[in-house]
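# Descriptive analysis of the structure
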Amino acid sequence: MTLNEIAKKMCAGGKGILAADESTGTIAKRFKSINVENIEKNRLIFRQTLFNSSAMKDFIGGVILFDETIRQKTSLGISIPELISKHGAVPGIKVDKGAKSLAGSSDETVTEGLDGLRERLREYYDLGARFTKWRAVYKISNKFPSAQSIKSNAHALARYAALVQEAKMVPIVEPEVLMDGSHNIDKCYQVTTDVLNECYNELEIHKVDLKGTVLKPNMIIPGSECEIKSSAEEIARKTLDCLKKNVPAEVPGIAFLSGGQSEIESSKNLNEINKINDTNFLITFSYGRGLQASALKEFGKNQENIENIQKAFNHRAKMNGLSSKGEWSEELEKEFAA
Ligand code: 13P
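Predicted, not measured: the structure shown is a model, and the values here were computed from it.

### Description of the overall build of the protein
Assigned secondary structure in the protein consists of 14 helices and 10 strands. By the compact-globule yardstick of 20 Å for 338 residues, the protein fits well, its C-alpha radius of gyration being 19 Å. A total of 338 residues make up the protein; the buried ones form 57% of that total. The contacts in the protein between residues at least 6 apart in sequence include a share of 78% that link residues at least 24 apart. Carbon together with sulfur atoms contributes 49% to the accessible area of the protein, which is approximately 14400 Å² in total. Averaging the coordinates of the 46 positive side-chain charges in the protein and doing the same for the 45 negative ones gives two points 2 Å apart.

Here it is as structure tokens:
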């Protein structure tokens, strides 16, 4: 398959991406919230349960894994990447080493992980990965993000993407403008514009073939502490407008992060965006919390109740699958809750 075909497989046909690549530190926070011990066995059980759900076949085009997970064997006798491929989804891997304090602007971060990346990519390919993820993080405040943070993160993202394509995998380019803060929606629009512009500048300099990439952006939304709330219609209009103006048309797929929105909000907003999508971009989800929050709660209630965990996950995957086609509705959520 060409990189373009892989990118489309991840995002097309009412499917999206399951971001199950929480680092051991991040999954520790998620497990703490449900009182589950953060040990390898529990991490494997939870993830294997999701990856073996019936919704995988119809609604999940790709799964992003963490280093530990891509090496694990399931109790079904096959490896995690084999389990994912069996359901028709593409296995992927997070390859960045996290957002680290940026020298010269220490309240901001630059994402690290380029050293030795070429060798690590070769190994991940052999383990079954066909796409990768690298996440850059930008904070909004009166003085942030700085030009330094925008430039250094874009440069790293582009060097990462070039190496990934060399290794015959699809890079997910994830520049995440955080929703923390009291800024309004227009500030988010402006910062996201600056960030996307710099990213595509650098991707061009590093000769990345955009047809073989997937963009994973934030939606254009007000800060979580902003007093002025926006309707899903306004979020959709501004998000699509920002993407149309700043993302080159060759990019085949755009898969949003949920970024701290609730499960319902992230489905509703994605749905509104797709209702008005008049571009050729395949617009879908690449959710972590937006897909897993309810399933995680069920896992916390009873780790052995696979049926309930999968029921919760299947529902969210289906709702987001519908949103990726603009066919989601609140009634469907209510029917499920009843
Ligand atoms: P959330 O959807 O929980 O924001 O996670 C997506 C992700 O992969 C962040 O890198």
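### Description of the packing of helix α12 (residues 289–301) against helix α13 (residues 306–323)
A pair of packed helices can be characterised by two numbers: the angle between their axes and the separation between those axes. Across the interface, α12 lies against α13 with an axial gap of 8 Å and an inter-helix angle of 165 degrees. Classified by the angle their axes make, α12 and α13 are roughly antiparallel. The handedness of the crossing between α12 and α13 is right-handed. Taken together, the residues of α13 that come into contact with α12 (itself represented by Gly290, Leu291, Ser294, Ala295, Glu298 and Phe299) are Asn308, Ile309, Ala312, Phe313, Arg316, Ala317 and Asn320. Residues of the contact of α12 with α13, tallied by class, amount to seven nonpolar, four polar and two charged.

### A closer look at the site of the ligand
Contacts to the ligand come from 13 residues, most closely from Lys133, Lys216, Ser258, Gly259 and Arg289. A distance of 2.5 Å is found between an oxygen atom of the ligand and a side-chain nitrogen or oxygen belonging to Lys133. At 2.7 Å from an oxygen atom of the ligand is found a side-chain nitrogen or oxygen belonging to Lys216. Computed on the free molecule, the ligand has an accessible area of 300 Å², of which 91% lies beneath the protein chains in the complex. Of all elements in the fold, only β6 (131–138) and β10 (282–287) reach the threshold of two or more residues within the shell around the ligand. A breakdown of the residues in the shell around the ligand according to their chemical character gives three nonpolar, four polar and six charged.

### Topic: the sheet that holds strand β1 (residues 16–19)
A barrel is described by the order of its strands in space; here eight strands give the closed sequence β1-β2-β3-β6-β7-β8-β9-β10, paired in parallel fashion. As paired elements, β1 and strand β2 (residues 60–65) share four bridges and run parallel to each other. Considered in β2, the bridge of Ala19 is made with Ile64.

### Side note on helix α3 (residues 40–51)
End to end, α3 covers 16 Å across 12 residues, agreeing with the expected 16 Å (1.5 Å per residue, within 8%). By the criterion of burial, α3 is predominantly enclosed, with nine of the 12 residues buried. Within α3, burial applies to Asn42, Arg43, Leu44, Phe46, Arg47, Gln48, Thr49, Leu50 and Phe51.

### Examining the pattern of salt bridges
Here the idea is simple: oppositely charged side chains can pair when their charged atoms come close. Throughout the structure, instances matching the rule amount to 22 salt bridges. Linking Glu174 and Arg135 is a salt bridge whose minimum nitrogen-to-oxygen distance equals 4.0 Å. Placement of Glu174 in strand β7 (residues 170–177) and of Arg135 in strand β6 is noted, with a sequence separation of 39 residues between them. Look at Arg135 and you get partly exposed, because its relative accessible area is 30%. The residue Glu330 makes a salt bridge to Lys268 at a minimum N-O spacing of 3.1 Å. Placement of Glu330 in helix α14 (residues 330–337) and of Lys268 in helix α11 (residues 263–275) is noted, with a sequence separation of 62 residues between them. For Lys268, a relative accessible area of 29% translates into the label partly exposed. When salt bridges with common partners are traced through the structure, they connect Asp21, Lys94, Lys133, Arg135, Glu174 and Glu176 into a single cluster.

### What about the side chain of Asn153?
With respect to the secondary-structure elements, Asn153 resides in helix α8 (residues 147–166). At 3.1 Å, the side chain of Asn153 forms a polar contact with the backbone nitrogen of Thr111. Setting aside residues no more than four positions away along its own chain, Asn153 makes contact with Thr109, Val110, Thr111, Ala136, Val137 and Tyr138.

### What about the packing of aromatic side chains?
Summed over the entire model, instances satisfying the criterion amount to five aromatic pairs. Arranged with centres 5.8 Å apart and planes meeting at 40 degrees, the rings of Phe31 and Phe299 form a pair that is tilted. With a gap of 268 residues between them, Phe31 in helix α2 (residues 24–33) and Phe299 in helix α12 connect regions that are remote in the sequence. Judged by its relative accessible area of 0%, Phe299 falls in the buried class. Each member of the aromatic cluster is reached from another via a ring pair, and the members are Phe31, Phe46 and Phe299. A cation sits over an aromatic face here: Arg130 above Tyr125, 3.6 Å from the ring centre.

### Quick look at the pairing of β6
Burial of β6 is extensive: seven of the eight residues sit out of reach of the surface. As judged from the three bridges shared by strand β3 (residues 90–94) and β6, these two strands associate in the parallel manner. Looking across to β6, one finds that Ile93 is bridged to Thr132. As paired elements, β6 and β7 share eight bridges and run parallel to each other. What sits directly across from Phe131, in β7, is Val170. Once the chain exits β6 it traverses α8 before rejoining the sheet at β7, and the crossover so formed is right-handed.

What counts as what
Residues numbered from 1 in each chain as written. Predicted model: local features only at pLDDT ≥ 70, side-chain atom pairs only at ≥ 80, totals over all residues. Heavy atoms only, no water. Helix = DSSP H or I, 4+ residues; strand = E, 2+ residues; numbered from the N terminus. Rg over C-alpha atoms; globule rule 2.2 N^0.38 Å. Buried < 20%, exposed > 50% of the residue type's maximum accessible area, 1.4 Å probe, protein only. Contact = heavy atoms within 4.5 Å. Areas by Shrake-Rupley, 256 points an atom, 1.4 Å probe, with all protein chains shown as cover. Lys, Arg positive; Asp, Glu negative; His and termini not counted. Charge placed at Lys NZ, Arg CZ, Asp CG, Glu CD. Axes fitted to C-alpha atoms, helices over the stretch in contact; angles between N-to-C directions. Parallel < 35°, antiparallel > 145°, perpendicular 65-115°, else oblique. Left-handed = near helix turned anticlockwise from the far one by under 90°. Nonpolar A, V, L, I, M, F, W, Y, C, P; charged D, E, K, R; others polar. Near = heavy atom within 4 Å. Polar contact = N/O pair within 3.5 Å; in protein donor to acceptor, adjacent residues only side chain to side chain. Pairing = 2+ DSSP bridges. Expected span 1.5 Å × (residues − 1). Salt bridge = Lys/Arg side-chain N within 4 Å of Asp/Glu carboxyl O. Phe/Tyr/Trp six-rings, centres within 6.5 Å; stacked < 30°, edge-to-face > 60°. Lys NZ or Arg CZ within 6 Å of the ring centre and 35° of its normal. Right-handed = clockwise from strand over helix to strand, strands pointing away.

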